[in-house]
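Topology and contacts: notes
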Amino acid sequence: GNSVTQMEGPVTLSEEAFLTINCTYTATGYPSLFWYVQYPGEGLQLLLKATKADDKGSNKGFEATYRKETTSFHLEKGSVQVSDSAVYFCALSETGGGADGLTFGKGTHLIIQP
Amino acid sequence: GAVVSQHPSWVICKSGTSVKIECRSLDFQATTMFWYRQFPKQSLMLMATSNEGSKATYEQGVEKDKFLINHASLTLSTLTVTSAHPEDSSFYICSAENYGYTFGSGTRLTVV
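Described below are features of the structure shown in this document. None of these values were measured; they are calculated from a predicted model. (Residues numbered from 1 in each chain as written. Chains lettered and ligands numbered in written order. Predicted model: local features only at pLDDT ≥ 70, side-chain atom pairs only at ≥ 80, totals over all residues. Heavy atoms only, no water.)

1. What to know about the pairing of strand β10 (residues 86-93) of chain A
Sheet faces and side chains relate simply in a regular strand, where the side chains alternate between the two faces. Residue and element names in this part refer to chain A. Burial within β10 is extensive, with seven of its eight residues counted as buried. Sheet analysis places strand β5 (residues 32-38) next to β10, joined by seven bridges and oriented antiparallel. By the bridge assignment for β10, Leu33 is matched with Leu92. In terms of strand pairing, β10 meets strand β12 (residues 108-113) through three bridges, oriented antiparallel. Looking at β12, one finds that Tyr88 is bridged to Thr108. Sheet topology note: the β10/strand β11 (residues 103-104) ladder contains two bridges and is antiparallel. Each bridged residue has a counterpart across the sheet, and for Ala91 the counterpart in β11 is Phe104. (Buried < 20%, exposed > 50% of the residue type's maximum accessible area, 1.4 Å probe, protein only. Helix = DSSP H or I, 4+ residues; strand = E, 2+ residues; numbered from the N terminus. Pairing = 2+ DSSP bridges.)

2. Details of the interface of chain A and chain B
A common way to state how big an interface is: give the accessible area lost once the parts meet. With 17 residues of chain A in contact, the opposing surface of chain B contributes 16 residues. Interface of chain A and chain B: buried area, both sides summed, is about 1300 Å²; carbon and sulfur atoms make up 56% of it. Where chain A touches chain B, the interface holds zero salt bridges. Put simply, the parts of the chain that give the side of chain A that touches chain B at least two residues each are β5 and β10 of chain A. Residue contributions to the side of chain A that touches chain B peak at three residues, all from β5 of chain A. Here the residues of the side of chain A that touches chain B sort into seven nonpolar, seven polar and three charged. (Contact = heavy atoms within 4.5 Å. Buried area = accessible area lost by both parts, 1.4 Å probe. Salt bridge = Lys/Arg side-chain N within 4 Å of Asp/Glu carboxyl O. Nonpolar A, V, L, I, M, F, W, Y, C, P; charged D, E, K, R; others polar.)

3. Points about the layout of surface pockets
Rolled over the atoms, a probe sized like a water molecule indicates the empty space that remains. Taken as a whole, the largest pocket holds about 670 Å³ of empty space. Along the wall of the largest pocket there are 26 residues; nearest its centre are Gln38, Val87 and Phe89 of chain A together with Gln38 and Lys41 of chain B. Broken down by secondary-structure element, the contributors of at least two residues to the lining of the largest pocket are β10 and β12 of chain A. In terms of residue count, the dominant contributor to the lining of the largest pocket is β10 of chain A (three residues). Its residues assigned to classes, the lining of the largest pocket shows nine nonpolar, 12 polar and five charged. The space that makes up the second largest pocket amounts to roughly 510 Å³. It is strand β5 (residues 44-51) of chain B that provides the largest number of residues to the lining of the second largest pocket, a total of four residues. Residues of the lining of the second largest pocket, tallied by class, amount to 10 nonpolar, seven polar and seven charged. (1 Å grid on protein atoms, 1.4 Å probe; cavity = no way out; pocket = protein on both sides within 12 Å on 5 of 7 lines; lining within 4 Å. Points joined across faces, edges and corners; volume = space filled by probe spheres on them.)

Here it is in structure tokens:
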């Protein structure tokens, strides 16, 4: 079956540091890949997505590139802010079109210190 | 943008009682909704897929008689945890399909 593995947290960084959260996946076909963010007390929000190999998703300074050869979708940001503190989930969808549910990683709690 | 409202955000119930969780799409019609469950420090695990007007499809290992899902309209799906026990304590979150996935804010269920 499908699975998503992401680095365990919490990850603690200073403001303006470079961020990488690793995510690798296992899937039988050609899934769509997603990063979701959950701020305290709120629901999951789509951060970015990529639907095919070599696609780069980007939003709010975050980026992730769909690497089929390494089955990875690592999340990066060049300079983090305190407001980026949240839990980040990597996820995949077999269909990408919303017909199936998502397979999630365990989530990575990111803490940014001023 | 699309909004999914989930209610209640938290609930405490006694063992043996039933609890209903509602998930509403506020500004769009959702033919498909998904229910997830999250244990502490674990992934969100898909429990079931509900389609408006038809029976829900449950993932392997999820008891359909315990987790009753009703999707009677295009804007409302409900999850009822029947005869709840402490091991059902968890975080439940719904998602609606609308050109992608929109999530509710989740429900923290504690069974005492």
